[in-house]
Amino acid sequence: MFYSFFPRPKLFFISAAVWAAVCIFVWYAAGPQMGTALGMPPLAPGEQAPLGLAYFLTPDNLWFYLYFTIFVLVFGLAWKALDRGHPWSNWSIWGSAFIIFIAYFVVQISVALNNWRGPFFDLFQRALEKQPGITAWQFYDLQLRFLEIGMISVAMNIITSFFTSHYVFRWRTAMNDFYLSKWDKLRHIEGASQRIQEDTMRFASIVESLGVYLVNSVMTLVIFLPILFQLSGNVSELPILGAIPHSLFWLALLWSVFGTFLLAVVGIKLPGLQFRNQRVEAAFRKELVYGEDHEDRAQPPTMQELFANVRKNYFRMYWHYTYFNFARYTFGQLDGQVLTFMLIPTIVAGKITMGLWQQIATAFGQVSDSFQYLVASWSTIIELLSIRKRLVAFEAAIDDQPLPGIDQRYLAREEMDGGIAADKPY
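Residues numbered from 1 in each chain as written. Predicted model: local features only at pLDDT ≥ 70, side-chain atom pairs only at ≥ 80, totals over all residues. Heavy atoms only, no water.

Looking at the overall build of the protein
Right, so step 1: When helices and strands are tallied, the protein shows twelve helices and zero strands.
Right, so step 2: Listing the helices and strands of the protein from first to last along the sequence gives α-α-α-α-α-α-α-α-α-α-α-α.
Right, so step 3: The buried share of the protein, reckoned over its 426 residues, is 43%.
Right, so step 4: Here the analysis covers contacts within the protein between residues at least 6 apart in sequence; of these, 78% occur between residues at least 24 apart.
Right, so step 5: For the protein, the accessible surface area stands at approximately 22,300 Å², while carbon and sulfur atoms represent 66% of it. (Helix = DSSP H or I, 4+ residues; strand = E, 2+ residues; numbered from the N terminus. Buried < 20%, exposed > 50% of the residue type's maximum accessible area, 1.4 Å probe, protein only. Contact = heavy atoms within 4.5 Å. Areas by Shrake-Rupley, 256 points an atom, 1.4 Å probe, with all protein chains shown as cover.)

This is the structure we're talking about:
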């Protein structure tokens, strides 16, 4: 699954995680100082970030783009020298780095929008209060800055969709070529054709989307945590929690950990049921295929038994998804209200403006959503785990290791049926 696309996957991902941690540490420890020395200093304390397109071209942002490029080049060239023979190293190394940069830039778009919300909604509030000096051009100017950010967002969405589509297909191609080169060892495994044709496609696509979401979540935390820390200074006390330094951050953390733990507990049975569902569906489908060529196959009693297993598994899934969805949707409804509830005393006391409220809500939502990575991705992770279980048999067969129990039972049944497996669930 990974060896076909990434050079030495375990070492590659461990080194990538360590190198990323080093990059983040160096950036926060000495990044601004290095940028200042190179003539690209950060914004001065209290200086307002420019709005619109100009935000992405500030000296400190230009310095980060250069900083990121340097560290990626060092990492990528080191791996190219370490593993020269891997056929997909260009896509797995440079392509992954580009996707990470895209994820970072998307977060920067969110920051630019958050910077825009403060002045716009403060102006909006003053206009509603009929304060003097408010003109229509002030609104038009801010709308133009919003349009600049929106067009950048559109461009990034197009680039992301185009590039990640190619990236996923390359990964699928790498797995396809690798598995087909081992076809003599794999052809006897139940559903081998489906695993190569469908599971490789779904696995690459899901891992890529989850990976991008994870990187995006980490980037969001790295960028928005300082913003939330700063905005927390305008909120001195929260209901229930009381007066706690950086209270909004701790609220986001505690609430997100609670949601993640809740859904992990209530959804613990779902991966196995999804995997089982693929099995019973494959058994029903395969018997029908055999029935097209063999008159003694796909007889009504056999098909009734196989479909009864399909029905049983689906009904079990419906039940387990019922309480899982109850927990997920209930948490989602409460999640939309928790910040407003906690900030009611601050709002009533008039300690924040409309613009500041918008910035707090955005920053809190970004941090909270990032901490809730598992909550938002749980259903997708369940699907990925079920696909991985199917591909594990391939890995076992290639390495001449014992197959998973369910595949061993399939082979035993194949021998009993004289080479044509009934493929009934066990």
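Here's the deal with a nonpolar patch on the surface
Right, so step 1: Residues Trp137, Tyr140, Leu144, Leu147, Met151, Val154 and Ile158 make up a contiguous nonpolar surface patch of roughly 760 Å² in combined accessible area.
Right, so step 2: Here tryptophan 137 shows up in helix H4 (residues 136-181). (Patch = residues over 30% accessible without salt bridge, like charges linked within 9 Å, V, L, I, M, F, W, Y side chains within 5 Å. Salt bridge = Lys/Arg side-chain N within 4 Å of Asp/Glu carboxyl O.)

Some words on the packing of helix H7 (residues 247-266) against helix H9 (residues 300-348)
Between two packed helices, both the angle of their axes relative to each other and the distance between the axes serve to describe the pair.
Right, so step 1: As a packed pair, H7 and H9 sit with axes 10 Å apart at the nearest point and diverge in direction by 170 degrees. One element, H7, and the other, H9, form an angle in the roughly antiparallel class. Between H7, through Leu248, Leu251, Trp255, Phe258, Gly259, Leu262, Leu263 and Val266, and H9, the contact on the second element is made entirely by Tyr323, Phe324, Ala327, Arg328, Phe331, Leu334, Asp335, Val338, Leu339, Met342 and Leu343. (Axes fitted to C-alpha atoms, helices over the stretch in contact; angles between N-to-C directions. Parallel < 35°, antiparallel > 145°, perpendicular 65-115°, else oblique.)

Brief notes about the UniProt feature "transmembrane region" (unreviewed entry) in the protein
Right, so step 1: Here, UniProt's "transmembrane region" (unreviewed entry) annotation points to residues 12-30, 62-79, 91-113, 149-169, 210-229 and 249-270.
Right, so step 2: Counting secondary structure, residues 12-30 comes out at 100% helix and 0% strand; the distance between its end C-alpha atoms is 26 Å.
Right, so step 3: Between the C-alpha atoms that bound residues 210-229 there is a distance of 27 Å. The span itself is 100% helix and 0% strand. (UniProt positions renumbered as here; feature names shortened; annotations may be inferred.)

Considering the packing of aromatic side chains
Right, so step 1: This structure, assessed with the given rule, holds 40 aromatic pairs.
Right, so step 2: Relative to tryptophan 171, the ring of phenylalanine 5 has its centre 5.4 Å away and its plane inclined at 10 degrees; by these criteria the two rings are stacked. Here the residue phenylalanine 5 occupies a position in the segment before helix H1 (9-37), and tryptophan 171 occupies one in helix H4, the gap between them amounting to 166 residues.
Right, so step 3: Among the residues examined, phenylalanine 5 registers a relative accessible area of 0% and is labelled buried.
Right, so step 4: Note on tryptophan 171: relative accessible area 2%, which makes it buried.
Right, so step 5: Between the aromatic rings of tyrosine 55 and phenylalanine 56, the centroid separation amounts to 5.5 Å while the plane-to-plane angle is 80 degrees, which identifies the pairing as edge-to-face.
Right, so step 6: Under the relative-accessibility criterion, phenylalanine 56 is labelled buried at 3%. (Phe/Tyr/Trp six-rings, centres within 6.5 Å; stacked < 30°, edge-to-face > 60°.)

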